[in-house]
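Descriptive structure summary
Here's the letter readout for the chains.
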Amino acid sequence: MLEREWTRYLVVEQKFKHISTGAIHIQPKLTKRAIMNLARSTGVLLLVVVSSILFSSEGAKNCENKLLHKCISRYRALLKNNPHHEQHCSRLQEVVSCFAGDPSCEGESINRFRLWILQEAMLEAKLKFCPRVDFKSLKDSVENTDVAKEYSLVENYGDPFSSCAMQVHHKCSELFLDSMKENERICGDSVEWFTCYSKTASEQNCNSPIIKKYANFVETVGIKLVVDAQFANSCNKVEL
């Protein structure tokens, strides 16, 4: 059993090898048991990543938690009321607009989420899934932050369009949407979504630079996004 757990840890460490644990903010109220339970439910050894800083950080500001919870809850409601794939672009626009709201609320957690939503919107536009999504306000709110400066924006990926990139993105997006409609485990389902890109690209022998770069981005920031969502009380209770 120990050997299996160690092997599992090495796999997770490889997937998230670029994560800087010092950038994750842990609220004191988050107990070790909650961390362990979240790790089990998401299939990620979150405890290994964050236990060393469990009681050393102050956590996200109150406005960050409120905005995160508001926008994630908004997405849950949109998916519940309009679950069809044809409504995907309208749901995306709603979430983009939500995270672009209240630009006076700043901080590492909310900026990280804004960056991820911006990257997702840019990818949707670049691959022609949602070519009309308007992400200008969201871009204005996050592109000059310290978090955003660490990464290249999808719209700046100077790579040629490829059909396999569309196929990989479509498969991973549908996997997430179908899982969410079935179990509403937004944190656990997101982890599977983040790791889907590199896995599916490998299975389909898709060497698209666009997908490779995006896969690297979401696998790098993914675990931090899950932690941010947990602090904003936005994970499903069954995940904790």
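Remember, predicted model here, so these are calculated numbers, not experimental data.

Procedures and definitions
Residues numbered from 1 in each chain as written. Predicted model: local features only at pLDDT ≥ 70, side-chain atom pairs only at ≥ 80, totals over all residues. Heavy atoms only, no water. Helix = DSSP H or I, 4+ residues; strand = E, 2+ residues; numbered from the N terminus. Buried < 20%, exposed > 50% of the residue type's maximum accessible area, 1.4 Å probe, protein only. Contact = heavy atoms within 4.5 Å. pLDDT = per-residue confidence, 0-100. Disulfide = S-S within 2.5 Å. Expected span 1.5 Å × (residues − 1).

Along the protein, the regular secondary structure elements total ten helices and zero strands. Reading the secondary structure of the protein in the N-to-C direction produces α-α-α-α-α-α-α-α-α-α. The 240 residues of the protein split such that 52% are buried. Partitioning the intrachain contacts of the protein with sequence separation of at least 6 by distance along the chain shows that 79% fall at a separation of at least 24.

Across the protein, the average pLDDT comes to 78, with 73% of residues at 70 or higher. Low pLDDT, under 50, characterises residues 1-36; the stretch is placed with 70 contacts to residues that sit more than four places away or in other chains. Here residues 41-60 is modelled with pLDDT under 50, and outside its nearest four sequence neighbours on either side it reaches 60 contacts, counting other chains as well.

The final tally for this structure, using the stated rule, is six disulfides. C164 shares a disulfide with C206; S-S distance 2.0 Å. Residues C164 and C206 share a disulfide whose torsion about the S-S bond is about 65 degrees; that sign makes it right-handed. Residue C164 is found in helix 8 (residues 163-183), and its partner C206 is found in the loop between helix 9 (186-203) and helix 10 (209-231); the two are separated by 42 residues along the sequence. Paired by a disulfide, C187 and C235 hold their sulfur atoms 1.9 Å apart. Taking the sign of the S-S torsion, about -80 degrees here, the bridge from C187 to C235 comes out left-handed. Remark: C235 occurs in the segment after helix 10 and C187 occurs in helix 9; sequence separation between them is 48 residues. When its relative accessible area of 8% is taken as the criterion, C235 is described as buried. The connectivity of the disulfide bonds within the protein can be written as 1-5, 2-4, 3-6, 7-11, 8-10, 9-12, using the sequence rank of each bonded cysteine.

Moving on: helix 6 (residues 108-126). A rise of 1.5 Å per residue sets the reference length of helix 6, with its 19 residues, at 27 Å; its end C-alpha atoms lie 26 Å apart and thus fit the reference within 8%. In terms of burial, helix 6 is a largely internal element, 17 of the 19 residues being buried. One or two steps after helix 6, the chain reaches K128, where phi turns positive at roughly 70 degrees.

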